[in-house]
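Each chain is listed here by its residues.
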Amino acid sequence: MAHIFKYPTPGQKGILVFSHKEARYFEDPGPLGRLRNKVERRLGRQAPGAGAARALRGPILSDMAKLRDDYFIGIHYGWHFENPFGVGWSDFALASPSTLTNTVPSIRRIPVTSNHFTPEVYYRKTEPDRKYWDVINVSRQGKFKKVDTFMQEIRKIYDLGYAYKVLLVTPTAKDADPERTFTEMCDVYYDLFSADERELFTLLKLDPELHWLGLSQTQIAHFYQSSKVLTLFSQKEGVAKVVNEALASSLVVVTKDDLTGGGADFLNETNAVTFPDYDEAHRAIIDAVESYDERWPDLKPPVGISQSEGLEKIKAHFADLYADHGQNFDGELVNTDHLNRRMNAHFTDVPWSRGRFVTADIVNREQWAIFMGEARRGQ
């Protein structure tokens with residue numbers, strides 16, 4: 001999401017951050033990208049907003065040159081990429097090595113992403129005997145999340161005689177694409193588990209009118225703090241905020257051993273159990289649950305993932321960025337609440353939002369005009 005971190009003042013630039021999704025919309029995709037888009041259009045699979053993006057590129061890149069007179073411009077990488085966007089118009093990349101493999105001399109890497117701003121509400125360590133759920137999974141319905149595989153592995157656990165209490169929290173996608181979405185979740189739930197097993201396995205499926213917005217972070221934190229083990233079955237992630245939220249709540253995390261992206265950044269032998277193949281995932285879950293009490297005394301939130309720590313870290317990097325350009329950073333930032341959701345466009349309470357059903361990424365002229373109006377307030 002376009003994010004204003006700082007308005008410019010005399011002798012000091014401001015700071016703007018765009019999401020990697022916006023950066024991709026803004027840029028010319030190049031010959032291969034144009035060919036891919038042409039093929040996808042013919043197949044009826046053109047990405048939403050792609051047509052608007054083509055109309056946006058010229059005006060935006062023109063405006064970007066003007067913005068750079070008054071702002072340092074960065075891109076937040078909420079997914080894993082090999083190479084950076086914004087070469088020629090961006091000054092820094094908010095990206096750990098696990099979300100951006102390479103960078104270029106003209107773009108300063110700042111290894112801070114949205115998962116470094118975990119709200120304080122997640123920081124509570126619950127005694128093992130006060131836990132209700134053994135296993136929690138907090139995932140969207142996208143097929144890459146492999147929630148269907150997770151449910152199959154829970155089936156194996158019940159077949160082995162372990163009566164684990166399981167909580168699956170998932171938002172219902174509005175106008176879901178069945179090719180990309182696990183739309184059969186409720187049918188699978190009823191087909192896999194008996195009435196008695198459904199007393200153990202709670203499926204909390206959120207209404208499509210609100211998606212995640214109907215569930216407060218305080219409530220999600222309570223779910224974590226009432227659980228022992230978080231499972232994440234996707235093989236590729238972006239920043240994977242759920243992992244740091246669970247670690248702040250002193251859970252053990254079960255993931256695939258070759259998970260790429262930011263999800264594995266803070267995992268170690270104490271707070272995580274991995275599995276090599278999906279057919280073996282149930283054994284990793286059993287290991288994590290059965291060893292939880294033994295691990296519990298050593299489960300501590302990683303250093304550097306809280307909202308307050310993230311702010312201090314990013315300010316230090318901004319000071320270096322300003323020094324690179326012969327300016328002094330006064331340490332003052334704006335819009336520092338909800339940074340775990342703002343930088344990846346999951347925070348929709350901004351003037352250029354398209355509403356609560358989609359992310360707040362800028363994908364059309366109207367949004368860009370509103371955003372430019374906000375940015376120019378400080379010029």
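Another aspect to go through is a negative patch on the surface. Where like charges cluster on the molecular surface, the negative patch consists of Asp148, Glu184, Asp187 and Asp191. Along the chain, Asp187 turns up in helix 5 (residues 185–192). Asp187 gets classed as exposed once you look at its relative accessible area, which sits at 53%.

The next subject is the environment of Gly310. One can find Gly310 in helix 11 (residues 307–324). Counting along the chain gives 194 residues from Gly310 to His116, while the straight-line C-alpha distance between them is 5.2 Å. Residues contacting Gly310, with those up to four places away along its chain left out, are Val112, His116 and Phe117.

Turning our attention to the packing of aromatic side chains. In total, this model carries 31 aromatic pairs according to the counting rule given. Between Phe18 and Phe371, the aromatic rings sit 5.6 Å apart at their centres with planes inclined by 65 degrees, giving edge-to-face as the arrangement. In this pair, Phe18 is assigned in strand 2 (residues 14–19) and Phe371 in helix 13 (residues 365–376), connecting sequence segments 353 residues apart. We classify Phe18 as buried; its relative accessible area is 0%.

For the rest of this paragraph, the subject is the sheet that holds strand 6 (residues 133–138). Pairing is parallel across the open sheet formed by six strands, whose spatial order is 8-7-6-9-10-11. Lying at the two open borders of the sheet, with one neighbouring strand each, are strand 8 (201–206) and strand 11 (272–275). Adjacent strand axes in the sheet meet at a mean angle of 20 degrees when their direction is disregarded. Where strand 9 (residues 227–232) lies against strand 10 (residues 252–256), four bridges are found, and the strand directions are parallel. Paired with Val229 across the strands is Val252, a residue of strand 10.

Per the counting criterion, the structure on display carries 16 salt bridges. A salt bridge links Asp330 to Lys6; the shortest N-O distance between them is 2.7 Å. Placement of the pair is Asp330 in the loop between helix 11 and helix 12 (339–342) and Lys6 in strand 1 (residues 3–6), with a sequence separation of 324 residues. Among the residues examined, Asp330 registers a relative accessible area of 43% and is labelled partly exposed. Residue classification places Lys6 among the buried residues on the basis of a relative accessible area of 4%.

Take the nonpolar core next. Judged by nonpolar contacts, the single largest core of 33 residues is most densely connected at Met151, Ile154 and Phe201. Elements supplying a minimum of two residues to this core: helix 4 (147–159), strand 7 (166–171), helix 5, strand 8, strand 10, strand 11 and helix 9 (281–290). Phe201 has contacts with Phe150, Met151, Ile154, Tyr158, Val166, Leu168, Tyr189 and Phe193, leaving out every residue within four places of it along the chain. Counting residues in hydrophobic clusters, the runner-up holds 31 residues, among them Ile75, Ala93, Ala360 and Met372.

So, on to the packing of helix 4 against helix 5. Relative orientation of the contacting elements helix 4 and helix 5 amounts to 10 degrees, with a least axis distance of 11 Å. As judged from the angle between their axes, helix 4 and helix 5 are roughly parallel. Across the interface between the two elements, Val147, Met151, Gln152 and Arg155 from helix 4 touch Met185, Val188, Tyr189 and Leu192 from helix 5. Along the lines of polarity and charge, the residues of the contact of helix 4 with helix 5 split into six nonpolar, one polar and one charged.

Another point: the pairing of strand 3 (residues 71–76). It is a general feature of regular strands that their side chains alternate between the two faces of the sheet. Among the six residues that make up strand 3, six are buried, leaving the element largely enclosed by the rest of the structure. Where burial is concerned, the two faces of strand 3 agree: the one with Tyr71, Ile73 and Ile75 and the one with Phe72, Gly74 and His76 are both buried. Relative to strand 3, strand 2 is paired through six bridges, and the arrangement is parallel. Across the sheet, residue Val17 finds its bridge partner in strand 3, namely Gly74.

In the Ramachandran plot, Asn335 falls in the positive-phi region, its phi being about 55 degrees despite a non-glycine side chain. The exposure class of Asn335 is partly exposed, given its relative accessible area of 32%. For His338, which is not glycine, the phi dihedral falls at a positive 55 degrees. Take His338: it is sitting in the loop between helix 11 and helix 12.

Time to look at the environment of Arg376. When you line up the elements, Arg376 lands in helix 13. With a relative accessible area of 44%, Arg376 lands in the partly exposed category. In this structure the C-alpha to C-alpha distance between Arg376 and Leu67, which are 309 residues apart in sequence, comes to 8.6 Å.

This part takes up the confidence of the model for the protein chain. One rule of thumb: low pLDDT means the predicted coordinates there are not for detailed reading. Per-residue pLDDT for the protein chain has a mean of 90; in total, 92% of the residues score no lower than 70. Low pLDDT (under 50) marks residues 43–49, which in the prediction has eight contacts with non-local residues, meaning those over four places away or in another chain.

Assignment of secondary structure puts Arg342 in helix 12. A polar contact is formed between the side chain of Arg342 and the backbone oxygen of Asp337, at a distance of 2.7 Å. Discounting residues that sit within four places of it in the chain, Arg342 has contacts with Met1, His3, Asn335, Asp337, Phe347 and Val350.

The final tally for this structure, using the stated rule, is one cavity of 30 Å³ or more. As a volume, the largest cavity reaches approximately 30 Å³. What lines the largest cavity is simply Ser114, Asn115, Thr118, Pro119, Lys241, Asn244, Glu245 and Asn340. Among the elements that make up the lining of the largest cavity, the one with the highest residue count is helix 8 (residues 241–248) (three residues). Its residues placed into classes, the lining of the largest cavity shows one nonpolar, five polar and two charged.

Definitions and limits used
Residues numbered from 1 in each chain as written. Predicted model: local features only at pLDDT ≥ 70, side-chain atom pairs only at ≥ 80, totals over all residues. Heavy atoms only, no water. Patch = residues over 30% accessible without salt bridge, like charges linked within 9 Å, V, L, I, M, F, W, Y side chains within 5 Å. Areas by Shrake-Rupley, 256 points an atom, 1.4 Å probe, with all protein chains shown as cover. Salt bridge = Lys/Arg side-chain N within 4 Å of Asp/Glu carboxyl O. Lys, Arg positive; Asp, Glu negative; His and termini not counted. Charge placed at Lys NZ, Arg CZ, Asp CG, Glu CD. Helix = DSSP H or I, 4+ residues; strand = E, 2+ residues; numbered from the N terminus. Buried < 20%, exposed > 50% of the residue type's maximum accessible area, 1.4 Å probe, protein only. Contact = heavy atoms within 4.5 Å. Phe/Tyr/Trp six-rings, centres within 6.5 Å; stacked < 30°, edge-to-face > 60°. Pairing = 2+ DSSP bridges. Axes fitted to C-alpha atoms, helices over the stretch in contact; angles between N-to-C directions. Core = buried A, V, L, I, M, F, W, Y, C linked by side-chain atoms within 4.5 Å. Parallel < 35°, antiparallel > 145°, perpendicular 65-115°, else oblique. Nonpolar A, V, L, I, M, F, W, Y, C, P; charged D, E, K, R; others polar. pLDDT = per-residue confidence, 0-100. Polar contact = N/O pair within 3.5 Å; in protein donor to acceptor, adjacent residues only side chain to side chain. 1 Å grid on protein atoms, 1.4 Å probe; cavity = no way out; pocket = protein on both sides within 12 Å on 5 of 7 lines; lining within 4 Å. Points joined across faces, edges and corners; volume = space filled by probe spheres on them.

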